[in-house]
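This is what each chain is made of:
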Amino acid sequence: SGTGFLNLHEFSLLLKQINIFLEEEDIVQVFNDVDADNTTLINEAEFLKFYHRVLSRPMLFDVFESISKKYKGLAITSWELHKFLAEVQKNESITLEECDNIIKDYEIKDTEKMEIKHLYLSWKGFQRFCMSSSLFH
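None of these values were measured; they are calculated from a predicted model. (Residues numbered from 1 in each chain as written. Predicted model: local features only at pLDDT ≥ 70, side-chain atom pairs only at ≥ 80, totals over all residues. Heavy atoms only, no water.)

### Focus on unusual backbone geometry
Next, step 1: Phi angles above zero are rare outside glycine, and asparagine 38 is one such case at about 55 degrees.
Next, step 2: Tracing the backbone through its elements, the reader meets asparagine 38 in the loop between α2 (24-34) and α3 (44-55).
Next, step 3: At threonine 40, a residue that is not glycine, the phi angle is positive and equals roughly 65 degrees.
Next, step 4: Looking at where threonine 40 falls in the secondary structure, it is placed in the loop between α2 and α3. (Helix = DSSP H or I, 4+ residues; strand = E, 2+ residues; numbered from the N terminus.)

Okay, structure coming up:
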C-alpha cells in the first residue's frame with residue numbers, strides 16, 4: 001500500500017510470494033504473532049524479525065536442493081529456475097531470458113555482468129530471490 005506497513009491482506013500475499021501456503025486461520029495466527037505491538041499492521045522492524053526467522057527455515061533449502069539437479073544442491077541453472085517457476089509455481093509465461101535476468105539481479109554484482117558465459121543461482125541468491133519484496137520501498 002506504500003505506507004511502510006503491511007496489513008493482513010498484504011501479509012497473506014507476501015506469504016504466497018515466498019512459497020508459504022497456509023490456511024486463512026493460520027495466516028491470521030502468524031500475522032498476530034508477527035504484529036508484536038498489536039496495531040493490526042506489521043511495521044518494518046516486525047517484518048524484518050519475521051523475515052530473518054523465515055530466511056533460516058530448512059524447507060527453503062530443501063526446495064533449493066530439489067531444483068538444483070545439474071550441480072546437486074550447489075547452484076541452480078537458468079533452465080532449472082525456468083522449469084521450477086513454470087511448472088511448480090505455475091508461471092507459464094516466464095521466459096528463459098527472464099530467468100537469466102533474475103539470476104543477474106539476485107546473484108551477480110553490476111561489475112561482474114559484462115563477461116558472463118554461464119549463469120548460476122547460489123543458495124544465497126536463491127534466498128534473496130525468494131524473500132525479495134518491494135513492500136517497504
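Further notes follow.
### With respect to the nonpolar core
Next, step 1: Membership of the largest hydrophobic core comes to 17 residues, with the highest contact counts inside it found for Ile76, Leu81, Leu85 and Phe126.
Next, step 2: Mapped by element, the contributors of at least two residues to this core are α4 (58-67), α5 (78-88), α6 (96-107) and α7 (123-131).
Next, step 3: Ranked by residues supplied to this core, first place goes to α5 with 4 residues.
Next, step 4: Leaving out residues up to four positions away in the same chain, phenylalanine 126 has contacts with Leu60, Val63, Phe64, Ile67, Ile76 and Leu121.
Next, step 5: In terms of nonpolar packing, the next biggest core, distinct from the first, is built from 14 residues, Phe11, Phe47, Phe50 and Val54 among them. (Core = buried A, V, L, I, M, F, W, Y, C linked by side-chain atoms within 4.5 Å. Buried < 20%, exposed > 50% of the residue type's maximum accessible area, 1.4 Å probe, protein only. Contact = heavy atoms within 4.5 Å.)

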